[in-house]
Amino acid sequence: MWRSCLRLRDAGRRLLNQPRGALTASVGPGPNPLSPARAYAPPTGGFEINLDHRKLKTPQAKLFTVPSEALAIAVATEWDSQQDTIKFYTMHLTTLCNTSLDNPTQRNKDQLIQAAVKFLDTDTICYRVDEPATLVELQRNEWDPIIEWAEERYDVEIGSSTSIMGPSIPARTREVLTSHLASYNMWALQGIEFVVTQLKSMVLTLGLIDRRLTVEQAVLLSRLEEEYQIQKWGNIEWAHDYELRELRARTAAGTLFVHLCSESATVKHKLLQQ
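Residues numbered from 1 in each chain as written. Predicted model: local features only at pLDDT ≥ 70, side-chain atom pairs only at ≥ 80, totals over all residues. Heavy atoms only, no water.

In the nomenclature of an unreviewed UniProt entry, the protein chain corresponds to ATP synthase mitochondrial F1 complex assembly factor 2 from the organism Lynx canadensis. As stated in UniProt under Subcellular location (unreviewed entry), the record for the protein chain gives "Mitochondrion inner membrane". (UniProt positions renumbered as here; feature names shortened; annotations may be inferred.)

Put into structure tokens, the structure is as follows:
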């Protein structure tokens with residue numbers, strides 16, 4: 001089975017001193033394979049997923065087709081990794097594709113964009129504590145550079161606040177980020193909103209999608225206060241580690257989904273000999 005992955009660039013910063021018979025699937029082109037296009041171009045046609053020679057369908061019985069061969073291979077790999085029991089809750093790429101195809105909430109592009117931008121009002125890294133001093137310093141050292149990067153990258157003002165009301169986000173900032181998100185197609189926007197929901201942060205999601213952050217960094221930054229408390233008071237056996245791995249998996253899948261839906265990608269086939 002072919003494997004496909006996307007390596008995100010490492011910004012080179014260490015956070016909080018944290019250590020760092022199967023079901024077979026095949027990919028077949030649909031009737032209109034996606035031709036090379038500029039980034040963020042709306043997908044046309046697509047690739048089908050075949051499981052044991054049967055076409056995969058969505059929950060609403062639509063033909064399961066995706067806009068790129070790389071995404072099709074990633075989804076097929078996800079299915080191929082399932083063993084005796086199919087665990088749908090581990091198949092994040094498949095779920096995102098189903099959501100994009102079925103659109104169960106019937107939202108349009110503007111609604112998807114507004115749902116993502118709305119997280120600026122409660123963005124995790126914009127809310128600061130005023131004590132203890134060690135956590136105040138940690139938030140400043142870890143979160144401020146990401147906010148400063150976003151402000152420079154998009155020429156906007158974001159800021160932070162210790163008020164329960166959070167920072168006052170200027171209208172222009174919303175307009176600029178709304179315009180930026182509008183450059184993505186509907187599939188990519190589904191992935192962006194998914195990542196924003198996982199991280200509870202629009203700013204961290206932008207850093208992740210723009211490759212300013214790795215998945216591991218973005219996740220730890222989104223859990224900064226929790227990781228601080230764990231280091232101070234200790235870890236609850238297995239619970240925190242499981243939650244961290246789950247969040248990493250969902251965030252990584254959403255990020256990969258965005259890139260595979262918004263960039264032209266080609267897959268190089270070669271014969272693998274055992």
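(A) Summary view of the overall build of the protein chain. Scanning the protein chain from terminus to terminus reveals 10 helices and four strands. Counting from the amino terminus, the protein chain carries its helices and strands in the arrangement β-β-β-β-α-α-α-α-α-α-α-α-α-α. The proportion of buried residues among the 274 residues of the protein chain is 46%. Carbon and sulfur atoms make up 52% of the accessible area of the protein chain, which amounts to about 14800 Å² in all. (Helix = DSSP H or I, 4+ residues; strand = E, 2+ residues; numbered from the N terminus. Buried < 20%, exposed > 50% of the residue type's maximum accessible area, 1.4 Å probe, protein only. Areas by Shrake-Rupley, 256 points an atom, 1.4 Å probe, with all protein chains shown as cover.)

(B) Region of interest: the packing of aromatic side chains. Within the structure shown, the criterion is met by three aromatic pairs. Consider the rings of W149 and Y154, whose centres lie 6.1 Å apart with planes at 85 degrees: the pair is edge-to-face. Each member of the pair W149 and Y154 is classed as buried. An angle of 20 degrees between the planes, with centres 6.1 Å apart, marks the rings of W187 and F257 as stacked. Of this pair, W187 sits in helix α6 (residues 186–199) while F257 is found in helix α10 (residues 239–262), placing the two residues 70 residues apart along the sequence. Taking the relative accessible area as the measure of exposure, W187 reaches 11% and is therefore buried. (Phe/Tyr/Trp six-rings, centres within 6.5 Å; stacked < 30°, edge-to-face > 60°.)

(C) A look at the pattern of salt bridges. Applying the stated criterion across every chain, the model contains 10 salt bridges. With a closest N to O distance of 2.7 Å, R107 and E193 form a salt bridge. Pair noted here: R107 is in the loop between α2 (92–102) and α3 (109–117) and E193 is in helix α6, with a separation of 86 residues, a long-range link. Judged by its relative accessible area of 23%, R107 is partly exposed. Beyond isolated ion pairs, a larger network of salt bridges with shared partners links R223, E226, E227 and E243. (Salt bridge = Lys/Arg side-chain N within 4 Å of Asp/Glu carboxyl O.)

(D) Region of the structure containing the packing of helix α1 (residues 69–80) against α10. One can describe the packing of α1 onto α10 by two numbers: an axis separation of 8 Å at closest approach and a directional angle of 145 degrees. Contacts between α1 and α10 pair A70, L71 and A74 from the former with F257, L260 and C261 from the latter. Looking at the contact of α1 with α10 residue by residue, the classes come out as six nonpolar, no polar and no charged. (Axes fitted to C-alpha atoms, helices over the stretch in contact; angles between N-to-C directions. Contact = heavy atoms within 4.5 Å. Nonpolar A, V, L, I, M, F, W, Y, C, P; charged D, E, K, R; others polar.)

(E) Main features of the pairing of strand β2 (residues 47–51). The element β2 is extensively covered by neighbouring structure, given that five of its five residues are classed as buried. By the alternation rule, side chains of β2 split into F47, I49 and L51 and E48 and N50, which are all buried. Relative to strand β4 (residues 65–66), β2 is paired through two bridges, and the arrangement is antiparallel. Opposite E48, over in β4, you have T65 as the bridge partner. In the sheet, β2 pairs with strand β3 (residues 54–55) via two bridges, with the strands oriented antiparallel. (Pairing = 2+ DSSP bridges.)

(F) The packing of α6 against α10, seen in detail. Contact geometry of α6 with α10 gives a least axis separation of 8 Å together with a crossing angle of 160 degrees. Considering the angle they form, α6 stands roughly antiparallel to α10. For the pair α6 and α10, the crossing hand works out as left-handed. On α10, the residues touching W187, A188, G191, I192, F194, V195, Q198 and L199 of α6 are L247, R250, T251, G254, T255, F257, V258, C261 and S262. Looking at the contact of α6 with α10, its residues break down into 10 nonpolar, six polar and one charged. (Parallel < 35°, antiparallel > 145°, perpendicular 65-115°, else oblique. Left-handed = near helix turned anticlockwise from the far one by under 90°.)

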